[in-house]
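# Secondary and tertiary structure notes
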Amino acid sequence: MTDFVFNSAVRSNVGLVRKNNQDSGYAGRNFLLIADGMGGHAGGDVASAITVARLASLDHPDHNGESLDSLRSTILDANDRIARAVDDEPQLGGMGTTVTALLRCNDRLALAHIGDSRAYLLRDDSFTQMTTDHTFVQMLVDEGRITPEEAEYHPQRSVVMRVLGDVGAPPELDMSVREARIGDRWMLCSDGLTGFADLDVIEEALRSIDDPGDCAEKLVNMALEGGGADNITVVIGDVIDATDLTAEDLAAPGAFGGSVEINPQYAQLGSTDNDTQPVNEPKAVEDLETEALPQVDEKTAEVSSDSASAPEETKEGADTNPAEAASATAVGAAASSAASVADASKRGGRGKARATSGRKRKELGADTDDFDDFSDEEPRRHWIPWAIAAAVIVVLIAAGFAGKAFIQSQYYVTEEDGKVAVYQGISQNLGPFELSNLRETTDIEVQYLPAYSQSRLKETIPASSEDEAKKIVENLRSSAEKARQQSVSGGATDGNSSDPAPSAPGQQNQPQQQQQPAQQQEQGENP
């Protein structure tokens, strides 16, 4: 095909709830990239910045048929840099990032992917997701245990199975080569977009807004209107004919977004050479630990598995709290330890005592019928089962208090009698016991919210603190007020009109029902 390049743009926003932006993105003529950072204690924004700064060096036109290998090796080098950064700064331990990258190579595209950031292709009449999420719920979908619709609201939808970074295992990348066509539009995004905006409206924006920058800006705003409880980063690249651009346009540098743009000093962490792409002007860093390194990250916590073979990163997109994972891990380890001791006691404790008694009987020449197995060391060990039972009880009590404390620290926002309401606790019941209580019923009418927000409320929007719940409520209030004003300004009619007023967002089936009381009242006044 004709030589092509990307007409691209990147937009990133911290969102309405989080304190720092852990996403990083890059948009160039030859290369598109999205990275959504995460970390056990700190460092999600560091991991994504390191990765994007390293990979941005691939944005040049001189790639040959080995570009797939070049892309893979560069990603693996970024992974090594993250590991070296952790060695230099141990407080960054556990940090990692997703990666979705698209590299131009002759007349084709090399696509690399790990994690749950996504790549979509808009081509003619089709809008297709080109990557597969490396998440726990996607695995359940692939196995046929849940449907894609159920996965969207699954409580463990934020558990990521494969990521780049300090996670104790080499990265397993999905690599592929894709066809490129003039007119194609690619979108790379973090889950802050797809988690808070419907795919239908995303596709509509991609089709209707020609300029990549304007389109990316619109998509970010849509996610903010949908709740904005996560960082949002969007990279859009249109495949265009390179001959339509001037040499100056072709040589224009790419654009960075998110953490790598905000914190260019992170890009040098873990570096041992000079091939890191320069990112703006580096900030002065007088104290690396206080300025260059982030605060405790609230996005992820490591999740242990039964096999303990493959690492799992938990992204606290909206519903996963590091305290929960840490508490569950600690309680599980204690219970497992107690169970192991109990099992060992059952299998080996008494047997060892009897063997010793047997040896002593043989040495003394005693008749086994006249010798009591429990007359030697066994009396001194009768307390072991009681100690184990006491340990188990202590663990259970501790787990109970920890579980209660965790539940009381959680909140969620939902619908209550047509209004937005805030509950303290979690939205599940334990048999006859309710694990939540109503804290506040607001004056926000659900019917004025966008359809996506209404569906989110039905499934509940979790929050890890009361402050986060309040921010979610304020975001919903803004959306409802905006929709109400649009309805009032655009839907007024004179009293003689028989046409119903336009419905507010999420109110498609409401107007006909709302007219009935008014009609009955008119009939009563004008018999």
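Residues numbered from 1 in each chain as written. Predicted model: local features only at pLDDT ≥ 70, side-chain atom pairs only at ≥ 80, totals over all residues. Heavy atoms only, no water.

- Looking at an unreviewed UniProt entry, the protein chain carries the name Protein phosphatase, with the source organism given as Brevibacterium paucivorans.

### So, the overall build of the protein chain
- Counting its regular elements, the protein chain contains 15 helices and 20 strands.
- Buried positions account for 46% of the 527 residues belonging to the protein chain.
- For the protein chain, the proportion of contacts with a sequence separation of at least 24, taken over those separated by at least 6, is 70%.
- Accessible surface computed for the protein chain: about 26200 Å², of which carbon and sulfur atoms make up 49%. (Helix = DSSP H or I, 4+ residues; strand = E, 2+ residues; numbered from the N terminus. Buried < 20%, exposed > 50% of the residue type's maximum accessible area, 1.4 Å probe, protein only. Contact = heavy atoms within 4.5 Å. Areas by Shrake-Rupley, 256 points an atom, 1.4 Å probe, with all protein chains shown as cover.)

### Regarding the packing of aromatic side chains
- Under the defined criterion, the tally for this structure stands at 5 aromatic pairs.
- With centroids separated by 5.2 Å and ring planes inclined at 5 degrees, the aromatic side chains of Y412 and Y423 adopt a geometry described as stacked. Remark: Y423 occurs in strand β18 (residues 419-430) and Y412 occurs in strand β17 (residues 411-416); sequence separation between them is 11 residues.
- Geometry around F4 places R104 over its ring, the cationic atom sitting 5.7 Å from the centre. (Phe/Tyr/Trp six-rings, centres within 6.5 Å; stacked < 30°, edge-to-face > 60°. Lys NZ or Arg CZ within 6 Å of the ring centre and 35° of its normal.)

### Looking at the side chain of S190
- Position of S190 among the secondary structure elements: in the loop between β12 (185-189) and α5 (191-194).
- Side chain to side chain, S190 and D23 meet in a polar contact 2.9 Å long.
- Dropping the residues within four chain positions of it, S190 is found in contact with D23, I34, D36, S117, N231, I232 and T233. (Polar contact = N/O pair within 3.5 Å; in protein donor to acceptor, adjacent residues only side chain to side chain.)

### Regarding the sheet that holds β12
- Ordered in space as β1-β13-β12-β7-β8, the 5 strands form an open sheet in which the pairing is antiparallel. Each edge of the open sheet carries a strand with a single partner, namely β1 (4-13) and β8 (126-129). The average undirected angle you get between the axes of adjacent strands in this sheet is 15 degrees.
- Most of the contacts of helix α7 (residues 212-225) go to strand β13 (residues 232-241), to which it runs at about 155 degrees, and overall it touches β1, β12 and β13. (Pairing = 2+ DSSP bridges. Axes fitted to C-alpha atoms, helices over the stretch in contact; angles between N-to-C directions.)

### Some remarks on the environment of E415
- By the element assignment, E415 lies in strand β17.
- Residue E415 is classed as partly exposed on the basis of its relative accessible area of 32%.
- If near-sequence neighbours (up to four positions away) are discounted, E415 is found in contact with V446, L457 and K458.

### With respect to the packing of helix α6 (residues 199-208) against α7
- One can describe the packing of α6 onto α7 by two numbers: an axis separation of 9 Å at closest approach and a directional angle of 160 degrees. Put simply, α6 runs roughly antiparallel to α7. Where α6 crosses over α7, the handedness of that crossing is right-handed. On α7, the residues touching V201, I202, A205 and L206 of α6 are C215, K218, L219 and M222. (Parallel < 35°, antiparallel > 145°, perpendicular 65-115°, else oblique. Left-handed = near helix turned anticlockwise from the far one by under 90°.)

### Some points on the packing of helix α1 (residues 44-55) against helix α2 (residues 67-88)
- Closest axis-to-axis distance for the α1/α2 pair is 9 Å, and the angle between their directions is 140 degrees. On the basis of their axis angle, the class for α1 and α2 is oblique. Of the two possible hands of crossing, α1 and α2 adopt the one that is right-handed. Contact with α1, carried on its side by A47, I50, T51, R54 and L55, involves T74, I75, D77, A78, R81, I82 and A85 of α2 and no other residues of that element.
- Its residues assigned to classes, the contact of α1 with α2 shows 7 nonpolar, 2 polar and 3 charged. (Nonpolar A, V, L, I, M, F, W, Y, C, P; charged D, E, K, R; others polar.)

### Regarding the pattern of salt bridges
- Throughout the structure, instances matching the rule amount to 17 salt bridges.
- Between D77 and R54 there is a salt bridge, with its nearest N and O atoms 2.6 Å apart. Here R54 lies in helix α1 and D77 lies in helix α2, a separation of 23 residues in the sequence.
- The class for R54 is buried, based on a relative accessible area of 10%.
- A salt bridge links D174 to R162; the shortest N-O distance between them is 3.1 Å. With D174 in strand β11 (residues 174-179) and R162 in the loop between β9 (159-160) and β10 (164-165), the pair connects residues that are 12 residues apart, well separated along the chain. (Salt bridge = Lys/Arg side-chain N within 4 Å of Asp/Glu carboxyl O.)

### Quick word on α1
- Look at α1: 17 Å from first C-alpha to last across 12 residues, which is about the 16 Å you get at 1.5 Å a residue.
- The buried fraction of α1 amounts to 12 of the 12 residues, a majority that puts the element mostly inside the structure.
- Listing the buried residues of α1 in full gives G44, D45, V46, A47, S48, A49, I50, T51, V52, A53, R54 and L55. (Expected span 1.5 Å × (residues − 1).)

### Re the pairing of β12
- Of all 5 residues in β12, 5 are buried, a share of seventy percent or more.
- Relative to β12, strand β7 (residues 118-123) is paired through 5 bridges, and the arrangement is antiparallel. Looking at β12, one finds that L121 is bridged to W186.
- Of the pairings in the sheet, the one linking β12 to β13 comprises 5 bridges and is antiparallel in character. Opposite L188, over in β13, you have V235 as the bridge partner.

### Remarks on the nonpolar core
- Counting residues in hydrophobic clusters, the biggest one holds 39 residues, and the most contacted among them are M187, L193, L219 and V413.
- With 7 residues, α7 is the single largest residue contributor to this core.
- Apart from residues no more than four positions distant in its own chain, M187 is found in contact with R118, A119, Y120, L193, I202, L206, L219, V234, V235 and I236.
- With 35 residues, the next largest nonpolar core counts L103, M175, F256 and Y266 among its residues. (Core = buried A, V, L, I, M, F, W, Y, C linked by side-chain atoms within 4.5 Å.)

### Considering the confidence of the model for the protein chain
- On average, residues of the protein chain carry a pLDDT of 75, and 68% of them reach 70 or more.
- For the stretch residues 281-314, pLDDT sits under 50, and the model shows 98 contacts to residues farther than four places along the chain or on other chains.
- Long-range and interchain partners of residues 316-380, a stretch whose pLDDT sits below 50, account for 68 contacts in this model, where long-range means more than four residues apart. (pLDDT = per-residue confidence, 0-100.)

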